[in-house]
Amino acid sequence: MSVKKIIFLNQKGGVGKTTTAVNLGSALAQLGKKVLLVDLDSQGNLTSAVSADNRLPGTYEVIVGKCSAKEACQSTSVQNLYVMTANINMAGLNIELVDQEMREFFVKKTLDTLGSEWDYILADCPPSLGLVTINAMCWAQYVIIPMQCEYFAMEGLNLLMRTVSNIKKSLNPSLKVLGILFTMYSKRTKLANDVVEDISSYFSSLVFSTLIPRNVRIAEAPSHGLPINVYDMSSSGAKAYQKLAQEVVGRVAKSE
Ligand code: ATP
Ligand code: MG
């Protein structure tokens, strides 16, 4: 079985990309998969969510050739879950890459040196469609689009779908949207239900049937440096990410 490469994409900020990368990753690790989380965001939220050391070589050093991808994989407190960290150095990368030849393929060139020991590699993208994000799209097979159940979500979604489809046509024919994921869902809110219904009727089976609830335990977990399934296994958030992991495994298997 070959490694599955997934990115979390939405140019809108604060929609749950990082939260989903960490917690889906940890849920997959709990299913016995060997998972690497790759932080591509200079904010380093994914890195701190698993309390990894961002002073050690991470994604930036790998991309600029200062260390090998393998050397930059750190273990976490969760069995089977590893991380390649990011720090503020990543902030300059869009500019550093811009004059390089094959500038869209630096992430691919480096991450594809990682061997088949991995079951899943999950990369967390910054909230922009800049060159680092384009690099991520040129490397990945699958895109998961986390989105909040709010009015402006739909507008951003069309641009995002177009961007993915352009990259697929021009730079990475293997790229595919694995699903749209609703995050921070409150079932008692009419707007949330309207948005879920609207987007589901338009994108039908592309929408994951798992809805991630708004859950305070999910928001607390990163401050303890733990994924939700370790921080509070019995929370509604942990259960939702466990269900999502099963759905992702099923969708990936079906698409191969
Ligand atoms: P950015 O675009 O800045 O990288 P993001 O898309 O990665 O943001 P997150 O950082 O994952 O978004 O989430 C934004 C905020 O919402 C965080 O404070 C996070 O803890 C909180 N949050 C995410 N999901 C949930 C949830 N299901 N319930 C409650 N809070 C949540
Ligand atoms: Mg983030």
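Please refer to the structure higher up on the page.
This structure is a prediction, so every number in the text was calculated from the model and none was measured. (Residues numbered from 1 in each chain as written. Chains lettered and ligands numbered in written order. Predicted model: local features only at pLDDT ≥ 70, side-chain atom pairs only at ≥ 80, totals over all residues. Heavy atoms only, no water.)

## A word on the packing of helix α1 (residues 17-30) against helix α11 (residues 236-255)
Put simply, α1 and α11 touch, their axes get as near as 8 Å, and they point 75 degrees apart. The orientation of α1 with respect to α11, classified from their angle, is roughly perpendicular. Within the contact between the two elements, α1 uses Thr19, Thr20, Asn23, Leu24, Ala27, Leu28 and Gln30 and α11 uses Tyr241, Gln242, Leu244, Ala245, Val248 and Val249. When its residues are assigned to classes, the contact of α1 with α11 shows eight nonpolar, five polar and no charged. (Axes fitted to C-alpha atoms, helices over the stretch in contact; angles between N-to-C directions. Helix = DSSP H or I, 4+ residues; strand = E, 2+ residues; numbered from the N terminus. Parallel < 35°, antiparallel > 145°, perpendicular 65-115°, else oblique. Contact = heavy atoms within 4.5 Å. Nonpolar A, V, L, I, M, F, W, Y, C, P; charged D, E, K, R; others polar.)

## Section: unusual backbone geometry
Glycine aside, residues mostly have negative phi angles, and peptide bonds mostly take the trans form. Positive phi outside glycine occurs at Met184, with the angle close to 50 degrees. With respect to the secondary-structure elements, Met184 resides in the loop between β7 (176-183) and α8 (190-203). Phi at Ser204 is positive, roughly 30 degrees, even though this residue is not glycine. Tracing the chain through its elements places Ser204 in the loop between α8 and α9 (216-220). A relative accessible area of 46% places Ser204 in the partly exposed class. (Buried < 20%, exposed > 50% of the residue type's maximum accessible area, 1.4 Å probe, protein only.)

## A short note on a nonpolar patch on the surface
On the surface, Tyr151, Phe152 and Leu191 cluster together to form a nonpolar patch covering roughly 370 Å² of accessible area. Along the polypeptide, Phe152 turns up in the loop between β6 (142-148) and α7 (153-170). (Patch = residues over 30% accessible without salt bridge, like charges linked within 9 Å, V, L, I, M, F, W, Y side chains within 5 Å. Areas by Shrake-Rupley, 256 points an atom, 1.4 Å probe, with all protein chains shown as cover. Salt bridge = Lys/Arg side-chain N within 4 Å of Asp/Glu carboxyl O.)

## Here we look at α1
Spanning 14 residues, α1 covers 20 Å between terminal C-alpha atoms, matching the ideal 20 Å at 1.5 Å per step. Most of α1 is tucked away, with 12 of its 14 residues classed as buried. Phi turns positive, to about 95 degrees, at Gly32, one or two residues after α1. (Expected span 1.5 Å × (residues − 1).)

## A closer look at the environment of Arg217
Here Arg217 shows up in helix α9. In this structure, the C-alpha to C-alpha distance between Arg217 and Tyr231, residues 14 residues apart in sequence, is 8.0 Å. Engagement of the side chain of Arg217 in a polar contact is seen with the side chain of Tyr231, the distance being 3.4 Å. (Polar contact = N/O pair within 3.5 Å; in protein donor to acceptor, adjacent residues only side chain to side chain.)

## A closer look at the sheet that holds β7
Strand order in the open sheet formed by seven strands is β3-β4-β2-β5-β1-β6-β7, with mixed pairing between adjacent strands. The sheet is open, and its two borders are formed by β3 (74-75) and β7, each paired with just one other strand. Here strand β1 (residues 4-8) pairs with β6 via three bridges, running parallel. If you follow Ile6 over to β6, its bridge partner there is Tyr142. Relative to the sheet, helix α6 (residues 131-139) contacts β1 and β5 (120-124), its axis offset from that of β1 by approximately 150 degrees. The strands touched by α8 within the sheet are β6 and β7, with β7 carrying the most contacts at an inclination of about 165 degrees. (Pairing = 2+ DSSP bridges.)

## Some thoughts on the packing of α6 against α7
Viewed as axis vectors pointing N to C, α6 and α7 meet at an angle of 55 degrees, and their least axial separation amounts to 10 Å. Relative to α7, α6 is oriented oblique. As for the relative orientation of α6 and α7, their crossing is right-handed in sense. Here Ile134, Met137 and Cys138 of α6 lie close against α7, whose contacting residues are Thr163, Val164 and Ile167. When the residues that make up the contact of α6 with α7 are grouped by side-chain class, the tally is five nonpolar, one polar and no charged. (Left-handed = near helix turned anticlockwise from the far one by under 90°.)

## A closer look at the environment of Tyr241
By secondary structure assignment, the location of Tyr241 is in helix α11. For Tyr241 and Leu24, which are 217 residues apart along the polypeptide, the C-alpha to C-alpha distance reads 5.7 Å. If we ignore the near neighbours within four places in the chain, the residues touching Tyr241 are Thr19, Thr20, Asn23, Leu24, Ala27, Ile212, Ile218 and Ile228. Among the polar contacts made by the side chain of Tyr241, one reaches the side chain of Thr20 at a distance of 2.9 Å.

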